[in-house]
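Summary of structural features
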Amino acid sequence: MKKSENTMAPSSDQSHDSTGPIPVSDFSSGSPLPPIDCDVLIVGGGINGCGIARDLAGRGWRVVLCEKDDLASHTSSSSTKLIHGGLRYLEYYEFSLVRKALQEREVLLKSAPHIMWPLRFVMPHDPSMRPAWMIRIGLFMYDHLAKREVLPGSRSVDLRKHAAGKPLKDQYKRGFVYSDGWVDDARLVLLNALDAKARGAEVLTRTRCTHARRDADGWTATLEGPQGTRTVRARAVVNAAGPWAESFLRGVAQSAKGESLATKSLRLVKGSHIVVPRLFEHDHAYIFQNPDKRIIFAIPYQDEFTLIGTTDIELNGDDPGAARIAQEEIDYLCTQASRYFERPIVPADVVWTYSGVRPLLDDASGDPSAVTRDYMLESNTTAAPLLSVWGGKITTFRKLAEDAADEVGKMLGQSNAQRPAWTDGAFLAGGDLSAWIGAARRPDDDFERFVSAVQAKYPWLYGKLTRRLARAYGARVSELLGDAKSLADLGPAVAPDLHERELRFLQTHEWAVSADDVLWRRSKLGLHYTPAEREQVAAWLQANAGAKNNDKVEVEVS
């Protein structure tokens, strides 16, 4: 590789998008900031925008990224948290997409073993769904469409003897086991932003692009953010606004000579998830087939919980940022999971929910589940270069970013030979553990060796906190802990296992401003805290906001 405690919240509306206002700036005060000149302005701070910023910055381009909210505020923190090929896409003959995603799994797993790791999935066989021979063929293809070095292949299992059969109803006697991966999606976005910044990109969060005027030889954009209004002059613009990509072209971007900028349409499909107390003790996940031909996952989550999802509900004219789970979706997920688990799951079991909106390229499919998850990059060079990102899935973000950077370079007159691709085999921030453990072996084994090394260097850390910090920060944990000799050196505990030093680190190094940033995106501590403990974190951030920035902070408690 290249170096480069628990009181449950009510279940009514628990999306990790803020239930209070997003912190915004008071733009009425302060004079305009000095203008910025750059090669590429990227609009959108989700996984695609941050991945593209990282790739371009690593090739030497001058990059500015703006995100109207926090990094990964919307779709990119609302996934099923999987690095996977997409087994079900084989039924839609999406062989190219599945192969691309399968190839990316191990590249990603090796790049950041602290936030991504292998996961085995169990598919109980229901003869009324797909026949066993069809499943075996699908899994054979899944095993062989791309090279595997880390992940074991698929096999059949006797659920009467396998640990995964214990929580299931007796009727499920046979199953299939295969491999994919798990990812902390919000931190994946963050690590890309950190790497982009380290390579020279300017990352502006809570900064909205309110206008972008195109000319023959460049763009002039107006950005409004925490410090005021500024002008950015860019040679090219990348539209990576996710669910807002189409509206950016129709409402924010201004053409040079009346040329059409919005030539594609998005289908916005809401995917919702529920979290319930842990349903099983083993470390495998489940994939369940439903009578409507969809599938749902049941995944070990945050040690004490099980994550169940997802739904596919088309949005028509709704604000993507306001997506919330509907009661019908909760009922659906509970009903479908209860078809398999011996103990029924009911809405009262739900302790948290979240919803995200997938920006899928409209391909005229009638069923939202059948809409392609592949991406399309649309170049427009009728005036200053414009690249719009349509669709995509989290597993293929690195390849999407590489393709996008290739295309931007081409539009700006540079060949791939002059500014070559570099991210295949490169570590993400904190992913290079060699200083702690020596040469890498397997990503999952490497992480366990890393946890032991962190514990040995900081013996005063207790096991639960050691593992959480190792998971969150990887090799960057030494930047957080520094020369601390005791727990007291981390400052007072603002909430259980969360000390002032870590909060200041998140403010200074990870663009954290609000309680939602800290508790639901930089971590999932909010799931483990009581409302009073979440309030304590919000109050601390409000009281200490001036130490990092001049944002007008609203107290938020999800």
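In case you missed it, the structure is sitting above this.
Reference entry: report on the structure contained in this document. Computed from a predicted structure; not experimentally measured. (Residues numbered from 1 in each chain as written. Predicted model: local features only at pLDDT ≥ 70, side-chain atom pairs only at ≥ 80, totals over all residues. Heavy atoms only, no water.)

Here we come to the packing of helix α10 (residues 463-473) against helix α12 (residues 500-509). Packing of α10 against α12 leaves a shortest axis separation of 14 Å and a crossing angle of 5°. In terms of axis orientation, α10 runs roughly parallel to α12. Along the contact surface, α10 presents Arg468, Leu469 and Tyr473, while α12 presents Glu502, Phe505 and Leu506. In terms of residue class, the contact of α10 with α12 is built from four nonpolar, no polar and two charged. (Axes fitted to C-alpha atoms, helices over the stretch in contact; angles between N-to-C directions. Helix = DSSP H or I, 4+ residues; strand = E, 2+ residues; numbered from the N terminus. Parallel < 35°, antiparallel > 145°, perpendicular 65-115°, else oblique. Contact = heavy atoms within 4.5 Å. Nonpolar A, V, L, I, M, F, W, Y, C, P; charged D, E, K, R; others polar.)

Turning our eyes to something else, we now look at the packing of aromatic side chains. One pass over the full model with this rule turns up 18 aromatic pairs. One aromatic cluster is present, built from ring pairs that chain together Tyr172, Phe280, Tyr286, Phe288, Tyr340 and Phe341. Note that Lys100 overlies the ring of Tyr375, its terminal NZ or CZ placed 4.2 Å from the centroid. (Phe/Tyr/Trp six-rings, centres within 6.5 Å; stacked < 30°, edge-to-face > 60°. Lys NZ or Arg CZ within 6 Å of the ring centre and 35° of its normal.)

In the segment running from Gly309 into Thr310, the intervening peptide bond is cis, with an omega of 25°. Looking at the element boundaries, Thr310 is found in the loop between β15 (305-309) and β16 (313-315). Unusually for a residue other than glycine, Gln302 sits at a positive phi of about 55°. Mapped onto the elements, Gln302 comes out in the loop between β14 (295-301) and β15.

Nonpolar side chains in soluble globular proteins tend to be buried together. Trp436, Phe450, Val518, Leu519 and Val537 are the most contacted members of the largest nonpolar core, which has 70 residues in total. Those residues in contact with Val537, other than ones at most four positions away along the chain, are Val494, Ala495, Leu498, Leu503, Val518, Leu519 and Tyr529. (Core = buried A, V, L, I, M, F, W, Y, C linked by side-chain atoms within 4.5 Å. Buried < 20%, exposed > 50% of the residue type's maximum accessible area, 1.4 Å probe, protein only.)

A few words on the pattern of salt bridges. By the definition in use, this model includes 43 salt bridges. Its salt-bridge partner being Arg294, residue Asp312 comes within 2.7 Å of it at the nearest N-O pair. With Asp312 in the loop between β15 and β16 and Arg294 in the loop between β13 (285-289) and β14, this residue pair connects regions lying 18 residues apart in the sequence. Grouping residues by exposure puts Asp312 and Arg294 together as buried. Look at the salt bridges and you will find they share partners, linking Asp70, Arg206, Asp517, Arg521 and Arg522 into a network. (Salt bridge = Lys/Arg side-chain N within 4 Å of Asp/Glu carboxyl O.)

Quick look at empty space enclosed by the protein now. There is about 50 Å³ of room inside the largest cavity. Of all elements in the fold, only α10, α11 (477-481) and α12 reach the threshold of two or more residues within the lining of the largest cavity. Per-element tally for the lining of the largest cavity: the top contributor is α10, with three residues. In terms of residue class, the lining of the largest cavity is built from five nonpolar, one polar and four charged. (1 Å grid on protein atoms, 1.4 Å probe; cavity = no way out; pocket = protein on both sides within 12 Å on 5 of 7 lines; lining within 4 Å. Points joined across faces, edges and corners; volume = space filled by probe spheres on them.)

Time to look at the pairing of β14. A large share of β14 lies buried, amounting to six of its seven residues. Hairpin connection, β13 to β14: the antiparallel pair is bridged by five residues, and Lys293 has positive phi, about 75°. The sheet contact formed by β14 and β15 spans five bridges and is antiparallel. Of the residues in β15, the one forming a bridge with Pro300 is Thr306. (Pairing = 2+ DSSP bridges.)

Time to look at the packing of helix α1 (residues 47-58) against helix α4 (residues 185-198). Helix-helix packing is characterised by the crossing angle of the two axes and by the distance between the axes. Two elements in contact, α1 and α4, have axes whose closest approach is 8 Å; the angle formed by their N-to-C orientations is 25°. Here α4 runs roughly parallel to α1, going by the angle between their axes. Pair α1 / α4 crosses with left-handed handedness. Two secondary-structure elements touch here, α1 through Ile47, Cys50, Gly51, Ala53, Arg54 and Ala57 and α4 through Leu188, Val189, Asn192, Ala193, Asp195 and Ala196. Partitioning the contact of α1 with α4 into residue classes produces eight nonpolar, two polar and two charged. (Left-handed = near helix turned anticlockwise from the far one by under 90°.)

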